[in-house]
Amino acid sequence: MSSQIVNPAAVPGRFGPYGGRFVPEVLMAPLEELEQAYKAPDLTATSKAALDDAKVKALAAFKKDDDTTCHKAIAEGFTKVGMTLK
């Protein structure tokens, strides 16, 4: 069985030799859930668009160092597609 080694820095949204993310720890779980939800095979085009919109709003809030609005944007995106944050 062969394994493929992937450079973590080559994965979108990751940086550095260890593939870290530059986000506050409090946002890691919601961002991971958003990433997993987006990869769900049964999402409709409308659902993916809602998650894309949530991602754009969350990143805009993150760039302003507004964790509360970032988390709210992610939660609203999940609600639009019928999912909830853990």
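Residues numbered from 1 in each chain as written. Predicted model: local features only at pLDDT ≥ 70, side-chain atom pairs only at ≥ 80, totals over all residues. Heavy atoms only, no water.

1. Let's talk about the overall build of the protein
Okay, step 1: Looking only at helices and strands, the protein has three helices and zero strands in total.
Okay, step 2: When its helices and strands are written in sequence order, the protein yields α-α-α.
Okay, step 3: For the protein, the residues scored as buried account for 27% of the 86 residues in total.
Okay, step 4: Excluding contacts between residues fewer than 6 apart, the proportion of contacts in the protein whose partners are at least 24 apart in sequence is 41%.
Okay, step 5: A total of about 6300 Å² of accessible surface is found on the protein, and carbon and sulfur atoms cover 60% of it. (Helix = DSSP H or I, 4+ residues; strand = E, 2+ residues; numbered from the N terminus. Buried < 20%, exposed > 50% of the residue type's maximum accessible area, 1.4 Å probe, protein only. Contact = heavy atoms within 4.5 Å. Areas by Shrake-Rupley, 256 points an atom, 1.4 Å probe, with all protein chains shown as cover.)

2. Overview of helix α1 (residues 25–38)
Okay, step 1: With 14 residues, α1 extends 21 Å from end C-alpha to end C-alpha; this agrees with the ideal 20 Å at 1.5 Å per step.
Okay, step 2: For α1, the complete set of buried residues consists of L27, M28, P30, L31, E33, L34 and A37. (Expected span 1.5 Å × (residues − 1).)

3. Re the environment of K63
Okay, step 1: With respect to the helices and strands, the residue K63 is situated in helix α2 (residues 45–63).
Okay, step 2: Overall, K63 belongs to the exposed group, its relative accessible area being 72%.
Okay, step 3: Counting along the chain gives 40 residues from K63 to V23, while the straight-line C-alpha distance between them is 9.9 Å.

4. Here we look at the pattern of salt bridges
A side chain with one charge may pair with a side chain of the opposite charge, provided their charged atoms come close.
Okay, step 1: Inspection of every chain in the model, using the stated rule, returns two salt bridges.
Okay, step 2: The closest approach of N and O atoms between D53 and K57, which form a salt bridge, is 3.3 Å. Here K57 and D53 lie together in helix α2, a separation of four residues that amounts to about one turn.
Okay, step 3: Judged by relative accessible area, which is 33%, D53 ranks as partly exposed.
Okay, step 4: For K57, a relative accessible area of 41% corresponds to the partly exposed category.
Okay, step 5: We note a salt bridge from K80 to D53, for which the minimum N-O separation is 3.9 Å. Placement of the pair is K80 in helix α3 (residues 67–80) and D53 in helix α2, with a sequence separation of 27 residues.
Okay, step 6: K80 sits in the exposed class, given a relative accessible area of 55%. (Salt bridge = Lys/Arg side-chain N within 4 Å of Asp/Glu carboxyl O.)

On their own, these measurements won't tell you what the molecule is for.
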